[in-house]
Amino acid sequence: MKLHIVKNYDELSHAAAEKVAHIVKSNPKVVLGLPTGSTPLGMYKELIDMNKRKEISFKEVITFNLDEYQGLPREDVNSYYRFMWDNFFSHIDIVKENTNIPNGMADDVEKECTAYESRIEKAGGIDLMILGIGNNGHIGFNEPAQFFGGITHRVKLTENTIEANSRFFGAIDRVPRYAITMGIKSIMHCRSIMLLANGKAKAEAIKKALEGPITPELPASVLQLHRDLTVIVDKEAGSLLSCR
Ligand code: F6R
């Protein structure tokens, strides 16, 4: 594992964007795994700027998003589809057909999940998966559980996550109760992983993920077993690490 503890959110965003830019430059057809949430917003902004300055191109890049709420139409302001287009895809030269996000409105969810995995496989697998982390240690929508989840599947969100995400919906009862997420197996299958976290609220989860026992009760702890993991945290998120 490579651990970078940087000063603040701006440095984190810059370091993460530099890593993505490097991999895109060395392989223009790279397959990226992408998260939504507050954490990657600064990185997306930097990548948009690099693209505008013509330092990097996403023309041949293929992307797979980690997750999507179930039951929210694409155009809903809270769908992850909308998040990705509003905050990233609309501002870069990516080809729409090369972007993949689970379809939260699929009639047959199981079929959608299997098809999503097949698309990842057909693209040759994911080269770099970028992850945020929940306060409870979730990655994607893989919530604390008794077992590590497998491939892309439907999940019931925990109260903790519903509450954390209610800030975007205005009211807690508007937050969808289910989502589609790439599973732990799909994530561990990616050739490299970059985990990002900032702020004090993430310090405990980061400490447990990187230095605690590997347990499905703290899903991100499984990343300790990945052979190519880069972790970028700001000082606050890294404040409880003993190796800091
Ligand atoms: C989002 C996702 C989630 C977030 C996590 C952190 O696609 O998969 O696991 O990465 O909830 O969210 P933020 O960055 O908003 O703190």
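Look up a bit, the structure's there.
Residues numbered from 1 in each chain as written. Predicted model: local features only at pLDDT ≥ 70, side-chain atom pairs only at ≥ 80, totals over all residues. Heavy atoms only, no water.

Glancing now at the site of the ligand. In the vicinity of the ligand lie 14 residues, with T39, D67, H138, G140 and K202 positioned nearest. One nitrogen or oxygen atom from the side chain of T36 is found 2.9 Å from an oxygen atom belonging to the ligand. Residue T39 places a side-chain N or O atom 2.4 Å away from an oxygen atom belonging to the ligand. Compared with its free state, where it exposes 410 Å², the ligand has 90% of that area covered by protein. Of the residues assigned to the shell around the ligand, the class counts are 3 nonpolar, 8 polar and 3 charged. (Near = heavy atom within 4 Å. Polar contact = N/O pair within 3.5 Å; in protein donor to acceptor, adjacent residues only side chain to side chain. Areas by Shrake-Rupley, 256 points an atom, 1.4 Å probe, with all protein chains shown as cover. Nonpolar A, V, L, I, M, F, W, Y, C, P; charged D, E, K, R; others polar.)

The next point concerns the environment of D127. Looking at the secondary structure, you find D127 in the loop between α4 (109-122) and β6 (128-131). On the basis of relative accessibility, which here comes to 16%, the residue D127 falls in the buried class. When the C-alpha atoms of D127 and A164 are compared, they prove to be 29 Å apart, with 37 residues separating the residues in sequence. Setting aside anything within four residues of it in sequence, one finds D127 in contact with N27, V30, V31, R191 and S192. Side chain to side chain, D127 and R191 meet in a polar contact 2.9 Å long. (Helix = DSSP H or I, 4+ residues; strand = E, 2+ residues; numbered from the N terminus. Buried < 20%, exposed > 50% of the residue type's maximum accessible area, 1.4 Å probe, protein only. Contact = heavy atoms within 4.5 Å.)

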